[in-house]
Amino acid sequence: MESFERILSEHAFFHDLPAVHLGTLVGCVSNVKFGAGEFLFREGDAADQFYLIRHGRVAVEAFAPGRGSITIETIDEGEVVGWSWLFPPYTAHFDARALGLVRAFALDGACLRAKCEKDAELGFDLTRRFARVVMQRLDATRLQLLDLYGDHGNG
Amino acid sequence: MATMATAESRPAVAADPMRPALFVVRKTSRETADTFTLSLAPAVPEGIHRFAPGQFNMLYAFGVGEAPVSISGDPAKPEMLVHTIRAVGSVTRGLRKLGKGDTVGVRGPFGTAWPVEQAHGHDVVIVAGGIGLAPLRPALYHVLLHRGQYGRVVFLYGARTPADMLFARQLREWRSRFDLEVEVTVDRATAEWQGTVGVVTKLIGRSPFDPGSAMAFVCGPEVMIRFTVAALQRRGMTDPSIFVSMERNMKCAVGFCGHCQFGPAFVCKDGPVFRYDRTLPFFGLREV
């Protein structure tokens, strides 16, 4: 289990996480893999897990009738996918699909929520880490919305 | 008025900068729906224009007008002047109508260059957004030609969609090299796209370079530059190691007319390539 903690601590999302918290989290973690095209989760699914991507690429998608799946962004090695486990009603808002072989750590949301309720320090640390991810994704989405490379008539 | 220091690399200006030289279109290539490349040869053999990576020319579409266009070709092959142009105004649309054998007026080359020699011994991070790849391609040509002079070389490119990517064939070649780390992303994907989706700034955090020794060359829309610089700073890069290429409304190209004034500098003469810390007081200012 000690080496599992070490591997977990090497993931960018858990960079500098105090060892005591790592020890608490290990009980909620499992090693998972997905083949190309497999869904990590689908819109409306119970959001009972989130994933730390260790290898491969995941597409975050929305399905639109007549258009099919639209990729909103991709998540790569070292990143995290899924934060709906943090907030009621704990259901996934988008699809997450493996674009090739994906290896990841799956963290059990219900298990983590229970531990965070008991340990406010852990809860604050995890929430802060997710808030940073949410902020970065929001910034990125805003930039995408600006359509920076579109024809804005200059030149 | 305080003067803005110049970028590190300042090539010589053409002998008579106001007089266009005649060039003949040798080849036209369609890059994307609105972007094309013109390959030009001098009308007379002695008319070769040597240039440094990052410089631009004023291209004259006869009967229409003149527009500043970055040079996108290989600085080691100056016998063919290559420009990649987005058709967004009357002049650039006029240039798009040209065919093989047609004549163009060329003034230049003008402006400062990417500090490719100053980067010897350093990691190099090249970040391009959209048409911003055009003025960076000469720097990439130079770096790859002198590959042994550099540490790790990372090239990050963001485009609107897969169909809006410039130099698609060349991108594939670059991606197949073992001495160049290439990451490409699009803001909007199609169903066939299996690559990264998201803004180019997202690639910076995971790119393999040493922020303590790297030099970054950044070109794209100004908002993209701002966010890219912020991402490079978060990685630990310092402002003097970041170079950006600015775009303004350049007319005379020699610092007379003032159309491209940027704080105390003229982008045509003191830029377009600036060391980031030297643009800092004016970068993002709405009045500038």
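Throughout this document, residue positions are counted from 1 along each chain, in the order its sequence is written. By the order in which they are written, chains take letters starting at A while ligands take numbers starting at 1. Only residues with pLDDT of at least 70 are given local features in this predicted model, and only at 80 or more are side-chain atom pairs given and counted; all residues enter the totals for whole chains, interfaces and linings.

### With respect to the overall build of chain B
Next, step 1: Only DSSP runs of H or I covering at least 4 residues are called helices, and only runs of E covering at least 2 are called strands; the numbering of each starts at the N terminus. Per the secondary structure count, chain B includes six helices and 15 strands.
Next, step 2: Across its three principal axes, chain B shows a C-alpha extent of roughly 50 × 50 × 40 Å.
Next, step 3: To sort residues by exposure, count the other C-beta atoms lying within 10 Å of each residue's C-beta; 20 or more gives buried, 12 or fewer gives exposed, and values between give partly exposed, all with C-beta atoms placed from the backbone. Among the 288 residues that make up chain B, the fraction classed as buried is 49%.
Next, step 4: Sequence separation of 24 or more characterises 73% of the internal contacts of chain B that already satisfy a separation of 6 or more. A pair of residues counts as a contact when their C-beta atoms, built from backbone coordinates, are within 7 Å of each other.

### Points about the overall build of chain A
Next, step 1: For chain A, the count of helices and strands is four helices and eight strands.
Next, step 2: Ordered by position from N to C terminus, the α and β elements of chain A give α-α-β-β-β-β-β-β-β-β-α-α.
Next, step 3: Across its three principal axes, chain A shows a C-alpha extent of roughly 55 × 30 × 30 Å.
Next, step 4: Evaluated residue by residue, chain A yields a buried proportion of 29% over its 155 residues.

### Examining the sheet that holds strand 7 (residues 95–98) of chain A
Residue and element names in this part refer to chain A.
Next, step 1: A pair of strands is labelled paired if DSSP reports no fewer than 2 bridges between them. With antiparallel pairing, four strands are arranged side by side in an open sheet as 2-7-4-5. Every interior strand has two partners, whereas the edge strands, strand 2 (39–41) and strand 5 (68–76), have only one. For this sheet the average axis-to-axis angle between neighbouring strands, irrespective of direction, equals 35°.
Next, step 2: Across two bridges, the pairing between strand 2 and strand 7 is antiparallel. Looking at the pairing, Phe39 lines up with Arg97 of strand 7. Note on definitions: angles span 0 to 180 degrees between N-to-C directions of axes, and those axes are lines fitted to C-alpha atoms, for helices only across the stretch in contact.

### Things to note about the interface of chain B and chain A
Next, step 1: Contact residues are listed per partner, giving 25 residues for chain B and 20 residues for chain A.
Next, step 2: Elements that contribute at least two residues to the side of chain B that touches chain A include exactly strand 10 (196–197) and helix 4 (222–235) of chain B.
Next, step 3: In terms of residues, the side of chain B that touches chain A owes the most to one element, helix 4 of chain B, which gives three residues.

### Some points on the pairing of strand 5 of chain A
Residue and element names in this part refer to chain A.
Next, step 1: Relative to strand 5, strand 4 (residues 57–64) runs antiparallel, the two being bridged by eight bridges. Across the sheet, residue Glu61 finds its bridge partner in strand 5, namely Thr71.
Next, step 2: A loop of three residues connects strand 4 with strand 5, the two strands running antiparallel in sequence, and Gly66 in this loop sits at a positive phi of about 85°.

### Brief notes about unusual backbone geometry
Next, step 1: In this structure, the amide linkage connecting Pro88 of chain A to the following residue, Pro89 of chain A, adopts the cis form with an omega of 5°.
Next, step 2: Cis geometry is found at the peptide bond from Gly271 of chain B to Pro272 of chain B, where omega equals 10°.
Next, step 3: Positive phi outside glycine occurs at Asp16 of chain A, with the angle close to 65°.
Next, step 4: Mapped onto the fold, Asp16 of chain A is located in the loop between helix 1 (2–10) and helix 2 (19–25).
Next, step 5: Positioned with a positive phi, Phe167 of chain B is a non-glycine residue whose angle comes to about 50°.
Next, step 6: The residue Phe167 of chain B is located in the loop between strand 8 (153–159) and helix 3 (168–175) in this model.

### Details of the sheet that holds strand 1 (residues 29–34) of chain A
Residues and elements named next belong to chain A.
Next, step 1: With antiparallel pairing, four strands are arranged side by side in an open sheet as 1-8-3-6. Of all the strands in the sheet, the pair left with one neighbour each is strand 1 and strand 6 (80–81).
Next, step 2: Both strand 3 (residues 49–55) and strand 6 contribute to a ladder of two bridges, which runs antiparallel. Across the sheet, the residue bridging to Tyr51 is Val81, located in strand 6.

### So, the confidence of the model for chain A
Next, step 1: Per-residue confidence from the predictor is reported as pLDDT, a score between 0 and 100. Overall, the prediction assigns chain A a mean pLDDT of 91, with 96% of residues at 70 or greater.
Next, step 2: Predicted confidence in chain A is weakest over helix 1 of chain A, with a mean pLDDT of 81, and strongest over strand 2 of chain A, with 97.

### Focus: helix 4 of chain B
Since the α-helix packs 3.6 residues into each turn, any two residues three or four apart lie on the same face.
Next, step 1: Take the residue count of a helix, subtract one, and multiply by 1.5 Å to get its expected span. The terminal C-alpha atoms of helix 4 of chain B, which comprises 14 residues, lie 20 Å apart, in line with the 20 Å expected from a rise of 1.5 Å per residue.
Next, step 2: Buried residues of helix 4 of chain B: Met224, Ile225, Phe227, Thr228, Val229, Ala231 and Leu232 of chain B, and no others.
Next, step 3: Turning to helix 4 of chain B, the residues buried within the fold contact helix 4 (120–145) of chain A together with strand 7 (124–129), strand 11 (215–219), strand 12 (242–245) and helix 6 (276–279) of chain B.
Next, step 4: With its phi angle positive at about 110°, Gly236 of chain B sits one or two positions after the end of helix 4 of chain B.

### Some points on the nonpolar core
Next, step 1: Throughout this description, the term nonpolar core refers to a group of buried Ala, Val, Leu, Ile, Met, Phe, Trp, Tyr and Cys residues whose C-beta atoms join them within 7 Å. Within the largest apolar cluster, 111 residues are counted, with the highest numbers of intra-cluster contacts made by Val58 and Val81 of chain A together with Ile126, Ala216, Val218 and Phe243 of chain B.
Next, step 2: The contact partners of Ala216 of chain B, leaving out residues within four places of it in the chain, are Val125, Val127, Leu232, Met237, Ser241, Ile242 and Phe243 of chain B.

### Comments concerning the confidence of the model for chain B
Next, step 1: Within chain B, residue pLDDT values average 91, and 95% of them lie at 70 or more.
Next, step 2: Note on the complex model: pTM 0.90, ipTM 0.86.

### Thoughts on the pairing of strand 7 of chain A
Residue and element names in this part refer to chain A.
Next, step 1: What you see with strand 7 is no split at all: Asp95 and Arg97 on one side and Ala96 and Ala98 on the other are buried throughout.
Next, step 2: Sheet topology places strand 4 next to strand 7; four bridges connect them, and they run antiparallel. Residue Val58 lies in a different strand from strand 7, and its bridge partner there is Ala98.

### A short note on the environment of Gln233 of chain B
Next, step 1: With respect to the helices, strands and loops of the structure, Gln233 of chain B is situated in helix 4.
Next, step 2: Residues Gln233 of chain B and Pro211 of chain B lie 22 residues apart in sequence; the distance between their C-alpha atoms is 8.7 Å.

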